[in-house]
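Results of the structural survey
Spelled out from the first residue to the last, the chains are:
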Amino acid sequence: MATITNQATLSYGGNILTSNIVTGELVEVLTGSKTALPQTYRRGETVTYIITVQNSGTTPVTGVTISDNLGAYSFNTTTLTPAAYVDGSLLYYVNGNLSATPAVTAGPPLSVTGLTVPAGGNITLVYQAKLNENAPLATGSTVTNTATISGTGIATPVALTETVTAAEALDLSISKAMCPATVTENGQITYTVTVENYGNRAAVAADNIVISDTFDPVLNPLSATFNGTAWTEGTQYTYSPANGQFSSAAGAVTVPAATYTRNPTTGAYSVVPGVSVLTITGTV
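Residues numbered from 1 in each chain as written. Predicted model: local features only at pLDDT ≥ 70, side-chain atom pairs only at ≥ 80, totals over all residues. Heavy atoms only, no water.

With respect to the pattern of salt bridges
- Taken as a whole and judged by the stated rule, the model has four salt bridges.
- Between D171 and R43 there is a salt bridge; the shortest N-O distance is 3.2 Å. Here the residue D171 occupies a position in the loop between β18 (158–166) and β19 (172–179), and R43 occupies one in the loop between β6 (40–41) and β7 (46–55), the gap between them amounting to 128 residues.
- The class for D171 is partly exposed, based on a relative accessible area of 22%.
- Judged by relative accessible area, which is 38%, R43 ranks as partly exposed.
- With a closest N to O distance of 2.9 Å, D207 and R201 form a salt bridge. (Salt bridge = Lys/Arg side-chain N within 4 Å of Asp/Glu carboxyl O. Helix = DSSP H or I, 4+ residues; strand = E, 2+ residues; numbered from the N terminus. Buried < 20%, exposed > 50% of the residue type's maximum accessible area, 1.4 Å probe, protein only.)

Concerning the side chain of T281
- Within the fold, T281 resides in strand β28 (residues 274–283).
- Excluding residues within four positions of it along the chain, T281 makes contact with Q188, I189, T190, P221, L222 and S223. (Contact = heavy atoms within 4.5 Å.)

Here's the deal with unusual backbone geometry
- Here L37 and P38 are connected by a cis peptide whose omega angle stands at -5°.
- Relative to the elements of secondary structure, P38 occurs in the loop between β5 (30–37) and β6.
- Between N220 and the following residue, P221, the backbone shows a cis peptide bond with an omega angle of 5°.
- Positionally, P221 belongs in the loop between β21 (212–214) and β22 (222–226).
- You will see that N208, though not glycine, has its phi angle at about 55°, which is positive.
- Phi is positive for N227, close to 50°, though the residue is something other than glycine.
- With respect to the helices and strands, the residue N227 is situated in the loop between β22 and β23 (229–230).
- Judged by its relative accessible area of 43%, N227 falls in the partly exposed class.

The structure is reproduced here in structure tokens:
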């Protein structure tokens, strides 16, 4: 709702008179809302945005454009965009009914044009944006993007803002190496299992991470170290030489959190994962 003020001026014979000031209210017929799903994000994830525009007037509002800055923010002397529109993801609903997709410009900013909001009705846009290297990942970081509703007949563009927060979470990967690649019978072989954590929090004992493996041929005898420290069978791991089944004890595996660095020139974030290494050595 906006306030209207107006005053008239009368000029005659070198005299200038002003009228009283009249005031009124301009009631906006378009209102909107914007929601992100989920409300948190992780590295490289996709966020779904839902924008609904309601027309409380008695006539349709045509020529409407909805634009989204996709979280754009200033860095040094440039503007960075932490998300990119996912091509083909837009769904368009008129009064709850799926309709033909309007004209979309991926941007940034994302722009959807040629929309009509029916009298006493609503339109809804559902679309996805994928986070990129410009999105901060440390705990508590946020991405805020603003959608703007504008067009002919809309006196004041309507701004809709939504914020998503970096999830405090693990982001683990596992890889395995064997040395030597060729081993003779009754020879010794070493398996190296590397666990990397791209998440912004450490994996702790309470996460109950378990590494399991089945060795064929079986290893006998077998020894295990974790990050260079010898493990004790029955405490940190179990192993059956009868069938080659190995399993770490729940909580024995921990992994540091990742660290995030920012390029001072481009503003892009890079990730150095936290790493833990389980080494298993045995005779085949």
